[in-house]
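Each chain, written out:
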Amino acid sequence: MTDYIFGKKKATEVAHSIWKHVVKKGDAVVDATCGNGYDTLAMLNMVADESCNGRVYSLDIQESALQNTASLLDGLPDPDKKEMVKLIATCHSKMEEVIPRDVKVRLVAFNLGYLPGGDKTLITKSDTTRLAMEAASRIVASGGLISMLVYVGHAGGMEEYDTVEGFASQLSVNDWICCKLQMLNRPLAPILVLLCKRLVCWSNFVVAAIVWIVGDGLVVCVFRSVEADGVRPVTVATIARAPTFLTNFSEPRLYKMETAG
Ligand SMILES: C[S@@+](CC[C@H](N)C(=O)[O-])C[C@H]1O[C@@H](n2cnc3c(N)ncnc32)[C@H](O)[C@@H]1O
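Computed from a predicted model, the values in this text were never measured in an experiment.

**A word on the overall build of the protein**
Here's step 1: A count of helices and strands for the protein gives 10 helices and 10 strands.
Here's step 2: A burial count over the protein gives 40% of its 261 residues as buried.
Here's step 3: In the protein, of all internal contacts separated by at least 6 residues, the share reaching a separation of at least 24 is 64%.
Here's step 4: Counting only carbon and sulfur atoms, one obtains 56% of the accessible surface of the protein, whose full area is about 15,300 Å².

Below, the structure written as structure tokens:
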């Protein structure tokens, strides 16, 4: 991030370093626009473990893009590693049809626009990008990330950026943290939009408990969560049978303290 601020790193490199904070060995991830395969290769290096458990689902609508990605992976010294990548010729708006339902997806990455070195008229489009973001938001696991690198310099790029920003802005603050990285004095530089799906963490959720004995060995418990990062607090009340160590202490007791001297 510091290198991006000082102009030493590109947005793609920043994206890769952010992914590393989310993705672990053995994870399943999606490259929604595999193109020439550089993002796929970066993801593969993050998920590949010795037992070949990691998976990269790499999607593109262009056959030539899938071939370029396959050629890049052919250059890997370990042929087993390549088997962890599933190359799929489909529109990313259909990702739910090709990625098995039981797969826990940690990252869905988009690198929008046209294939570098390819047909510049074949670009990602706002309507399918929006559908793909909706699908990605459904399949990405809690604690996972949707990463969108958006190019605004070509025709239709700014409209697509508005779509991406519009989608990110309306996501619930209870479930998502959405932000962007943008160069202010380079209006055509790519913009990195990050959508982080909040982790549901029960240990953070219950922070206060009031317990009292009702009688007959029953307890009333009131739990209240804290308000954090704009998440509304929740109160839950329940009645349960008290454990014996609590009922034994229900009689008032007087403790006598004796001091020496
Ligand atoms: C900027 S390139 C991706 C670069 C790539 N991630 C890399 O590392 O080389 C954008 C890619 O999106 C693909 N694309 C365009 N529309 C698509 C769609 N609806 N679904 C999936 N891929 C699409 C293009 O064919 C192109 O290869």
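**Looking at empty space enclosed by the protein**
Here's step 1: Within the structure shown, the criterion is met by one cavity of 30 Å³ or more.
Here's step 2: Taken as a whole, the largest cavity holds about 50 Å³ of empty space.
Here's step 3: If you trace the largest cavity, you find it lined by Thr12, Ala15, His16, Trp19, Asp39, Phe110, Asn111, Ser147 and Leu149.
Here's step 4: Elements that contribute at least two residues to the lining of the largest cavity include exactly α2 (11-19), β4 (105-111) and β5 (140-150).
Here's step 5: Take the lining of the largest cavity: its biggest share by element is four residues, from α2.

**Observations concerning the sheet that holds β4**
Here's step 1: Overall, mixed pairing links the seven strands, which are arranged β3-β2-β1-β4-β5-β7-β6 in an open sheet. Every interior strand has two partners, whereas the edge strands, β3 (85-89) and β6 (176-181), have only one. When the angles between neighbouring strand axes are averaged without regard to direction, this sheet yields 15 degrees.
Here's step 2: Direction of pairing for strand β1 (residues 28-31) relative to strand β2 (residues 55-60): parallel, over a ladder of four bridges. The residue bridging Val30 from the neighbouring strand is Tyr57, located in β2.
Here's step 3: Those strands touched by α2 are β4, β5, β6 and β7 (191-197), and its axis lies near 175 degrees from that of β5.
Here's step 4: Strands in contact with helix α4 (residues 63-74) are β2 and β3; relative to β3, the strand with the most contacts, it is inclined by about 165 degrees.

**Quick word on the site of the ligand**
Here's step 1: As a matter of local geometry, the ligand sits amid 23 residues, with Thr33, Asp39, Asp60, Gln62 and His92 nearest to it.
Here's step 2: Interatomic distance of 2.8 Å between a backbone N/O atom of Thr33 and a nitrogen atom of the ligand.
Here's step 3: Tyr38 places a polar main-chain atom, nitrogen or oxygen, 3.2 Å from an oxygen atom of the ligand.
Here's step 4: Starting from 600 Å² of accessible surface for the ligand in isolation, the protein chains cover 96%.
Here's step 5: The cavity where the ligand resides is the largest pocket.
Here's step 6: Its residues assigned to classes, the shell around the ligand comprises 11 nonpolar, 10 polar and two charged.

**Notes on the layout of surface pockets**
Here's step 1: If you add up the space inside the largest pocket, you get close to 900 Å³.
Here's step 2: For the largest pocket, the lining is made up of 43 residues, of which Asn111, Leu112, Tyr114, Pro116 and Tyr151 are closest to its centre.
Here's step 3: Residue assignment for the lining of the largest pocket shows that the elements contributing at least two residues are α2, α3 (38-47) and β2.
Here's step 4: For the lining of the largest pocket, the element with the highest residue contribution is α2, accounting for three residues.
Here's step 5: Residues of the lining of the largest pocket, tallied by class, amount to 20 nonpolar, 16 polar and seven charged.

Parameters at a glance
Residues numbered from 1 in each chain as written. Predicted model: local features only at pLDDT ≥ 70, side-chain atom pairs only at ≥ 80, totals over all residues. Heavy atoms only, no water. Helix = DSSP H or I, 4+ residues; strand = E, 2+ residues; numbered from the N terminus. Buried < 20%, exposed > 50% of the residue type's maximum accessible area, 1.4 Å probe, protein only. Contact = heavy atoms within 4.5 Å. Areas by Shrake-Rupley, 256 points an atom, 1.4 Å probe, with all protein chains shown as cover. 1 Å grid on protein atoms, 1.4 Å probe; cavity = no way out; pocket = protein on both sides within 12 Å on 5 of 7 lines; lining within 4 Å. Points joined across faces, edges and corners; volume = space filled by probe spheres on them. Pairing = 2+ DSSP bridges. Axes fitted to C-alpha atoms, helices over the stretch in contact; angles between N-to-C directions. Near = heavy atom within 4 Å. Polar contact = N/O pair within 3.5 Å; in protein donor to acceptor, adjacent residues only side chain to side chain. Sits in = over half its atoms within 2 Å of the grid points. Nonpolar A, V, L, I, M, F, W, Y, C, P; charged D, E, K, R; others polar.

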